[in-house]
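Single-letter residue listing:
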Amino acid sequence: MNTLLQDLRYGIRMLLKNPGFAFVAVIALALGIGANAAIFSVVNAVLLRSLPYDDPERLIVVKENKPPQFPEFSVSPGNFLDWQKQNTVFEKLAAIRGYSYNLVDKGEPERLRGARISAGLFEMLGVKPARGRSFLAEEDQPGHETVAILSHALWQRRFGADEKIIGQAITMNATSYTVIGIMPPTFQFPDRETELWTPVAFDAQQAQQHGAHYISVVGRLKRGVSLQQASTEMSAIAGRLAQSYPDSNAGWGVTLFPMQEYEAREIKPALLVLLGAVALVLLIACANVANLLLARATARQREIAIRTALGASRWRVIRQLLTESILLAIVGGGVGLLLAVWGVDLLLALAPPDLPRGQGSALDARVLGFTILITLLTGVVFGLAPALQSSRPNLNETLKEGGRGTTGGHHRVRSSLVITEVALALVLLIGAGLLIRSFYRLQQVNPGFNPKNALTVSVSLPAKKYAEDDQQAAFFSQLIERVSALPGVVAVGATQSLPIQGDYVLGFNIQGRPPDAPGEEPSTNYYAVNSEYFKAMGIPLLRGRLFTEQDKKDAPRVAVINETMAKKFFPGEDPIGKGINVTNGPERFREIVGIVGDVKQYGLDQPTTAQTYEPYLQAPFSAMTLIVRTEGNPTALNAGVRGQVLSIDKDQPVSRIRTLEEVISESVAKQRFSMLLLGVFAVVALVLAAVGLYGVMSYAVTQRTHEIGIRMALGAQQKDVLRLVVGHGMILAMVGVGIGLLASFALTRVMTTLLFGVGATDPLTFLVIPALLTIVALGASFFPARRAMKVDPMIALRYE
């Protein structure tokens, strides 16, 4: 222990004696360790930390599927209820239906995102309300479902954390609900935007719906039942239901996912790639600090030689040097933790809004343990090579009067470290280049509409207050007319399903053609829109006509389809005038009157689907989104549109007021998140590699000053010296580039799922990025070479 304390005291004195060296080393390590800690905190929260429920490994997400169109899909209420009755593998199955509520109590009307859930869901999760109680079984029955449980955030924000709200009535969707509970502050289910819960209470009609898919299902496996066993039984049940209900269930199966894996499946590849990227940054930082330590060891060779000559063993010298390097790592780790606190906030600000459990990212015990571990490993990694090299001094050469103390071993190790830095930096740069190219390609995709100068506003009418189709149509017709009269408005469209984020799918058949076999019917994305929708969205008409104000409820039923649907289902013929049925009822055939351009329904990186439009006056919906096309800044109309809604119904809120550009931006949030972070890490790696190469070349020039003086005294020109120094630096860089290219060809394949429009071995990226790194390496070699060119032969010869 006394020896260790001596080593620590001596190490601290040596760091204080060289503050410049210590500062540079600590900053390099802090960047690497801090970035690792910040990324790991997010990975820990999203991928590693268990869900905050009882026995989370037994919680399963149950989906329906109908390959190849729907590898996973929402569940129909009828199938869910049959699953409950027939399965023997789940302790409980629970239904969740996303729902919105218009709250009109306690202030201005507000649109809230909530969920209708099965009674017993909270008990299945092992979560209890922090105040009040959960739902009773009898409250999950039609006519008894007017009770609500609030989230802690809603309780504080809207009701001022009033304890007396329990038992009180609030008005939502023109219906009185009794508040029976408040959930704990950390509870977020099924997502962090959900602010209240009510019983799902399927009525008799819903219980018979086997073809309408709009609920989510989660279950808890019985103890001892494996996922495979459950999957086998649920598939058998799906087969029986397909026989019982062939019209709706033929071709449909069941897929089971562990809940934790399901929630994070989309963001997992990006997080793992980023974790690998910061590990490379840390390795580059270690190589840089190791180079600094080797340079410093050269200056300390005489000291180490004297200690060895006085009897210090090689292990004693190694231990002293490793103590100093670990001490340096600990300081760098401490600063890195401070950077990680800021880094986590930055990561969450850049993260996509639907990052699961991302708000739980924090420097908890696991993150601190991870940081301590990598700090100690870092200290050993970057300190071991210099310690081993320095612990074998040539006593005769080092102690000799005038001995320079240089060693070929140091030179080889430092060169190897630079080659490693360049190779690792190239891997990161190529990865970032691929993501940048991918994101650029994604941004160039035509969404099928014009996102400029367009505002979107969602309005959902309560069914109790606007029960009739005519009431709903009249409200939206009046609202569209009033908003159209606002200054600067060019056109006002309305749709029940907005492109990019909407998901309203119906099966269809074509008039005059034999019906498809059960389970094989084609499907189409369905939109109910007003006559100005296509103008407001900027969707072009290709053939035929668009809707007019004459396409009313009592007029002949008409439809417009997109180009993809026309080509796929009417090859070699004109769809105009043909009949299409999107509700599987012969009385509901619509005449196709026009063909419009394709729009992206599921995201810019997803294939275009078949799309069908119908006049909303012939198919009214209670929830519509307005698209307000303006001459200038669309956000200037926020208050105006909200005011027009309230002027028609003072209790009617609006929600999700965003521009179309924001809608598209949110749809590529995951890709932007990956690109920005990997790009930042790649730039840091490039800077560290350039600094490392510069440091090696500067060191080499210093050590070869005598040699350069002799060369110049014998007639060498400045250009010869330039060629000598730059050539040496470029040899190191090119070897690193070569190794980095080979590594990149192998490693970038793991990024395939993150790329769009470019391959993992994109030729342009693999040409441009190495060229860029070569230019940077040339600059890092050139500046030390300039100093070498200015060496005075007389001074250099006297140097020895």
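Scroll up a little and you will see the structure.
Below is a short write-up of the structure.

## Focus on the pattern of salt bridges
Oppositely charged side chains are able to pair whenever their charged atoms sit close together. Considering all chains together, one arrives at 26 salt bridges under this definition. R223 serves as the salt-bridge partner of D55, at 2.8 Å between the closest nitrogen and oxygen. Here D55, found in the loop between α2 (19-48) and β1 (59-66), pairs with R223, found in the loop between β10 (216-221) and α7 (227-244); they are 168 residues apart in sequence, far enough to count as distant. Take D55: its relative accessible area is 26%, and that puts it in the partly exposed class. Among the ionic pairs, E72 bridges to R265, the shortest N-O distance being 3.0 Å. Of this pair, E72 sits in strand β2 (residues 70-73) while R265 sits in the loop between α9 (259-264) and α10 (268-299); the two residues are 193 residues apart in sequence, bridging distant segments of the chain. Judged by its relative accessible area of 26%, E72 falls in the partly exposed class. Here R265 falls in the partly exposed class, since its relative accessible area comes to 33%.

## So, the packing of helix α3 (residues 77-86) against α7
The axes of two packed helices give the description: the angle between them and the distance between them. Between α3 and α7, the least distance of the axes is 11 Å, while the angle of their chain directions is 125°. Considered as vectors, α3 and α7 are oriented oblique to each other. You can see that α3 and α7 cross each other, and the crossing is right-handed. Between α3 and α7, the contacting residues are N79, D82, W83 and Q86 on the first element and E233, M234, I237, R240 and L241 on the second. Classifying every residue of the contact of α3 with α7 gives four nonpolar, two polar and three charged.

## Comments concerning the nonpolar core
Counting 120 residues, the largest nonpolar core has F382, Y533, F534, I539, Y613, L678 and F681 as the members making the most contacts within it. Contact partners of F534, with chain neighbours within four places excluded, come to V529, I539, L546, F547, V560, V596 and Y613. In this structure, F476, V489, A610 and L617 belong to the second largest nonpolar core, which totals 41 residues.

Cut-offs used in this document
- Residues numbered from 1 in each chain as written.
- Predicted model: local features only at pLDDT ≥ 70, side-chain atom pairs only at ≥ 80, totals over all residues.
- Heavy atoms only, no water.
- Salt bridge = Lys/Arg side-chain N within 4 Å of Asp/Glu carboxyl O.
- Helix = DSSP H or I, 4+ residues; strand = E, 2+ residues; numbered from the N terminus.
- Buried < 20%, exposed > 50% of the residue type's maximum accessible area, 1.4 Å probe, protein only.
- Axes fitted to C-alpha atoms, helices over the stretch in contact; angles between N-to-C directions.
- Parallel < 35°, antiparallel > 145°, perpendicular 65-115°, else oblique.
- Left-handed = near helix turned anticlockwise from the far one by under 90°.
- Contact = heavy atoms within 4.5 Å.
- Nonpolar A, V, L, I, M, F, W, Y, C, P; charged D, E, K, R; others polar.
- Core = buried A, V, L, I, M, F, W, Y, C linked by side-chain atoms within 4.5 Å.

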